[in-house]
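# Understanding the architecture of this molecule
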Amino acid sequence: MPPCEKKTDVCRTVMNYGTEDFDLYLLFQEEAERLEPSGRLLSREALTRSLARPGYDPHKDLFLARTPDRIVGYLDITAELEIGRVLLEGLVHPYYRRQGIATELCAKALRRAGELGARRGHVSVPDANLPARRFLSSRGFQWVRRFLELRLVLYHSRLPSVEDRGVTIRKLRAGEEGRLAGIQNRAFEGSWGYHPNTVEEIVYRLGLNDCRHEDVMLGWEADAPLGYCWTTVTPVGHNATQTRTGRIHMMGVDPSCRSRGLGRTMLLAGLRHLRDKGIQVVDLTVDAENTSACILYASVGFKKRSATLWYEKAVG
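Below is a short write-up of the structure. Keep in mind that this is a model prediction, so the values were computed, not measured.

The rules we used
- Residues numbered from 1 in each chain as written.
- Predicted model: local features only at pLDDT ≥ 70, side-chain atom pairs only at ≥ 80, totals over all residues.
- Heavy atoms only, no water.
- Axes fitted to C-alpha atoms, helices over the stretch in contact; angles between N-to-C directions.
- Helix = DSSP H or I, 4+ residues; strand = E, 2+ residues; numbered from the N terminus.
- Parallel < 35°, antiparallel > 145°, perpendicular 65-115°, else oblique.
- Contact = heavy atoms within 4.5 Å.
- Nonpolar A, V, L, I, M, F, W, Y, C, P; charged D, E, K, R; others polar.
- Buried < 20%, exposed > 50% of the residue type's maximum accessible area, 1.4 Å probe, protein only.
- 1 Å grid on protein atoms, 1.4 Å probe; cavity = no way out; pocket = protein on both sides within 12 Å on 5 of 7 lines; lining within 4 Å.
- Points joined across faces, edges and corners; volume = space filled by probe spheres on them.
- Expected span 1.5 Å × (residues − 1).
- Arc of directions from axis to C-beta.
- Polar contact = N/O pair within 3.5 Å; in protein donor to acceptor, adjacent residues only side chain to side chain.
- Left-handed = near helix turned anticlockwise from the far one by under 90°.
- Pairing = 2+ DSSP bridges.

Helix-helix packing is characterised by the crossing angle of the two axes and by the distance between the axes. Put simply, helix H6 (residues 177-188) and helix H7 (residues 199-206) touch, their axes get as near as 9 Å, and they point 110° apart. Relative to H7, H6 is oriented roughly perpendicular. Contact residues: H6 offers Glu 177, Gly 178, Leu 180, Ala 181 and Gln 184, while H7 offers Val 199, Ile 202, Val 203 and Leu 206. Residue classes in the contact of H6 with H7 are distributed as six nonpolar, two polar and one charged.

To continue, consider unusual backbone geometry. At Arg 98, a residue that is not glycine, the phi angle is positive and equals roughly 65°. Assessed through its relative accessible area of 87%, Arg 98 is described here as exposed. Not every positive phi belongs to a glycine, and Ala 222 is a case in point at roughly 60°. Mapped onto the elements of the fold, Ala 222 is located in the loop between strand E8 (216-221) and strand E9 (224-233). Residue Ala 222 is classed as exposed on the basis of its relative accessible area of 80%.

Here we come to empty space enclosed by the protein. Rolled over the atoms, a probe sized like a water molecule indicates the empty space that remains. Under the definition given, this model contains one cavity of 30 Å³ or more. The calculated volume of the largest cavity comes to roughly 40 Å³. In terms of lining residues, the largest cavity is bounded by Ser 161, Val 162, Glu 163, Arg 165, Gly 261, Arg 264, Thr 265 and Leu 268. A class-by-class count of the residues in the lining of the largest cavity yields two nonpolar, three polar and three charged.

Here the focus is helix H4 (residues 101-116). Taking 1.5 Å per residue, 16 residues should reach 22 Å; H4 reaches 23 Å between its end C-alpha atoms and fits that length. Turning to H4, its buried residues are Ile 101, Leu 105, Cys 106, Ala 109, Leu 110, Arg 112 and Ala 113. Relative to the axis of H4, the buried residues are bounded by an arc of 155° and lie together on one face. Looking at the residues trailing H4, positive phi occurs at Gly 117, about 95°.

The next subject is the side chain of Arg 85. With respect to the helices and strands, the residue Arg 85 is situated in strand E4 (residues 85-92). For Arg 85, a relative accessible area of 4% corresponds to the buried category. Of note is the side chain of Arg 85, whose polar atom sits 2.7 Å from the side chain of Glu 80.

On the secondary structure map, Pro 68 appears in the loop between strand E2 (62-66) and strand E3 (71-80). Pro 68 gets classed as exposed once you look at its relative accessible area, which sits at 71%. Sequence separation of Pro 68 and Tyr 297 is 229 residues, and the distance between their C-alpha atoms is 49 Å.

Before going further, it helps to spend a moment on the packing of helix H1 (residues 22-35) against helix H2 (residues 44-51). Across the interface, H1 lies against H2 with an axial gap of 11 Å and an inter-helix angle of 115°. Seen along the crossing, H1 lies across H2 with a hand that is right-handed. From H1, Phe 22, Asp 23, Tyr 25 and Leu 26 reach across to H2, where they touch Arg 44, Leu 47, Thr 48 and Leu 51.

On to the sheet that holds strand E10 (residues 245-253), then. The mixed open sheet is built from twelve strands, whose spatial order is E1-E2-E3-E4-E5-E12-E6-E11-E10-E9-E8-E7. The open sheet has two free edges, formed respectively by strand E1 (13-16) and strand E7 (168-171), since each of these has just one partner strand. Neighbour to neighbour, the strand axes of the sheet diverge by 25° on average, direction disregarded. Two strands pair when backbone bridges link them, and E10 and strand E11 (residues 281-287) are joined in this way by three bridges, in the parallel orientation. What sits directly across from Gly 246, in E11, is Val 282. Contacts from helix H5 (residues 130-138) reach strand E5 (120-126) and strand E12 (303-314), with the element oriented near 160° to E5. Relative to the sheet, H7 contacts E8, E9 and E10, its axis offset from that of E9 by approximately 35°.

This is the structure we're talking about:
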């Protein structure tokens, strides 16, 4: 598909994704990344797996805006009905904005959310993206939460020594996905926006190309995991720079053990694991209202890079 030329008043339609749309959808993602780099490049394999994630039906939950010869926008729905919400993620090609496409995509997605029985829709945007924030406000979304994007330049950092907290640190093994789901759900129960994970979802996530069982550190005492640090590694070619980048995907400690300093132990175990894999820079996302976590991350050298705002709208 050749680069788009800016057009106005184009003939376009908004419809559900069909299997025959795969190649055009992938090309749209690639071109949008070239025009507005976000640092994430979506491969054919990654897109295929994303469309096959548990509890998701792209033929009902993915809406595409099309002109006669190309895709110019999309809006994707991820249902988290146990906590009464859907997550909305979308993009309109920069050359096709201000033509009502985002409004139409949003309306269809919220209609679908109502069909699913969701009570509200949530969407996140970078704090600096003022046009997106204005659009959401104009459509009745209200700002509800702020998350911070933090970064640690690992190869410039001297990690503190890990104190003995009476736990054994080891890597997750195949067949322990249920244990990981259990400790994760206990650690985040009641946290804003957290949707309990199923074993199926854990298995799916561990099968993606940025994570393996060996990238999840578990802290064991006797025969029970008390904490974990789930790290991921950005695949080569998925980063716009040559820097080897990793991420603290999620980290938590059993609520009954939070006064023992295990959070720091698990964080350092995850960072040492990433350093041993040659990772140079580590990113993570944290709720700005989670003061204890923010203090912990700052104590080992994480610095704020940016912020993300979450917006909410009632469905129906």
